[in-house]
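So the chains spell out like this:
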Amino acid sequence: MKTYKFKVEVPEVNNGKSSLMDSFINEARDEQRQLDITHKINKKTTEVHRQILIDFITEINEELSSIGFNEFKLSDELGHGNNYYYGSQARLQVPFYNIYIVGENDRKFEDSKYTTFTGEYRFGLSIPSAPSTYEIVKTVDDVLTMLKDEIIEHIKKNREIVAS
């Protein structure tokens, strides 16, 4: 009778996990870490942007109230969310205008591949004829200029303003 001797080599099992599985776990942990960073930054950016908008509409409202014009009121509703960043808006009821603060996505943010808003922003003012679009505004004067026709009409209707 012939005897055959041979050796079979089998890769060892690492506690039930392969190196490939370890790489999946590490990738998932890294993605969760990135998401955690993004969510924390975006939540804080939302708070800061809301305060910036409050300060901006306060300045506008000081001008508008000097002639008894309607004032912008901060909306309790937050805008569309993206990874826990929410834009804010303020409304002027009559005539109907919205001022938005919109965060700028930091595409060069190195600590996360997810949409992260690190502080940059712009203001937008919607106009009654096209409420789903907005014009970029930077200053109180920009807003007042866009409201010019309504402000002049308000002044003309209120003779005591014209008389003073």
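Up top you'll find the structure we're talking about.
Read on for a plain summary of the structure. (Residues numbered from 1 in each chain as written. Predicted model: local features only at pLDDT ≥ 70, side-chain atom pairs only at ≥ 80, totals over all residues. Heavy atoms only, no water.)

Secondary structure summary: the protein chain contains four helices and seven strands in total. Along the chain direction, N to C, the helices and strands of the protein chain fall in the order α-β-β-β-β-β-β-β-α-α-α. Taking all 164 residues of the protein chain together, 28% fall into the buried category. Total accessible area on the protein chain stands at roughly 11,800 Å², and carbon and sulfur atoms take up 51% of it. (Helix = DSSP H or I, 4+ residues; strand = E, 2+ residues; numbered from the N terminus. Buried < 20%, exposed > 50% of the residue type's maximum accessible area, 1.4 Å probe, protein only. Areas by Shrake-Rupley, 256 points an atom, 1.4 Å probe, with all protein chains shown as cover.)

Below, the discussion takes up the pairing of strand β4 (residues 88-92). In terms of burial, β4 is largely enclosed, as four of its five residues are buried. With two bridges joining them, strand β1 (residues 73-74) and β4 adopt antiparallel strand pairing. Within the sheet, the bridge partner assigned to Lys73 lies in β4 and is Arg91. Judged from the five bridges that link them, β4 and strand β5 (residues 97-105) form a sheet pairing that is antiparallel. Within β5, the position partnered with Gln89 by the bridge is Tyr100. (Pairing = 2+ DSSP bridges.)

For the structure on display, the rule yields four aromatic pairs. Ring geometry for Phe56 versus Phe123: centroids 4.1 Å apart, planes at 10°, classification stacked. A residue pair is termed long-range when its members are at least 10 positions apart, and Phe56 in helix α1 (residues 19-65) and Phe123 in strand β6 (residues 117-127) qualify at 67 residues. In terms of burial, Phe56 and Phe123 fall into one category: buried. Ring centres of Tyr85 and Phe117 lie 4.3 Å apart, and the angle between their planes is 25°; on these two criteria the pair is classed as stacked. In this pair, Tyr85 sits in strand β3 (residues 85-86) while Phe117 sits in strand β6, placing the two residues 32 residues apart along the sequence. With a relative accessible area of 6%, Phe117 lands in the buried category. Members of the aromatic cluster, connected to one another through ring pairs, are Phe56, Tyr121 and Phe123. The ring of Tyr84 has Lys43 lying over it, and the distance from NZ or CZ to the ring centre is 4.6 Å. (Phe/Tyr/Trp six-rings, centres within 6.5 Å; stacked < 30°, edge-to-face > 60°. Lys NZ or Arg CZ within 6 Å of the ring centre and 35° of its normal.)

Taken together, the side chains of Leu20, Met21 and Phe24 present a nonpolar region at the surface, about 300 Å² in accessible area. Mapping Met21 onto the fold places it in helix α1. Here Met21 falls in the partly exposed class, since its relative accessible area comes to 41%. (Patch = residues over 30% accessible without salt bridge, like charges linked within 9 Å, V, L, I, M, F, W, Y side chains within 5 Å. Salt bridge = Lys/Arg side-chain N within 4 Å of Asp/Glu carboxyl O.)

Turning our attention to the side chain of Ser112. Examined against the element boundaries, Ser112 turns out to sit in the loop between β5 and β6. In this structure the side chain of Ser112 is engaged in a polar contact, spanning 2.6 Å, whose partner is the side chain of Thr38. For Ser112, the side chain forms a polar contact with the main-chain nitrogen of Tyr114, separated by 3.1 Å. Excluding residues that lie within four positions of it along the chain, Ser112 makes contacts with Gln34 and Thr38. (Polar contact = N/O pair within 3.5 Å; in protein donor to acceptor, adjacent residues only side chain to side chain. Contact = heavy atoms within 4.5 Å.)

Turning our attention to the nonpolar core. Formed by 21 residues in total, the largest nonpolar core has its most connected members in Ile60, Leu64, Phe72, Ile99, Val143 and Leu147. Those elements that place two or more of their residues in this core are α1, β4, β5, β6 and α2 (140-146). Among the elements that line this core, the one with the most residues is α1, at five residues. In contact with Ile99, other than residues within four places in its own chain, are Leu53, Phe56, Ile57, Ile60, Phe72, Ser88, Gln89, Ala90, Phe123, Gly124, Leu125 and Val143. (Core = buried A, V, L, I, M, F, W, Y, C linked by side-chain atoms within 4.5 Å.)

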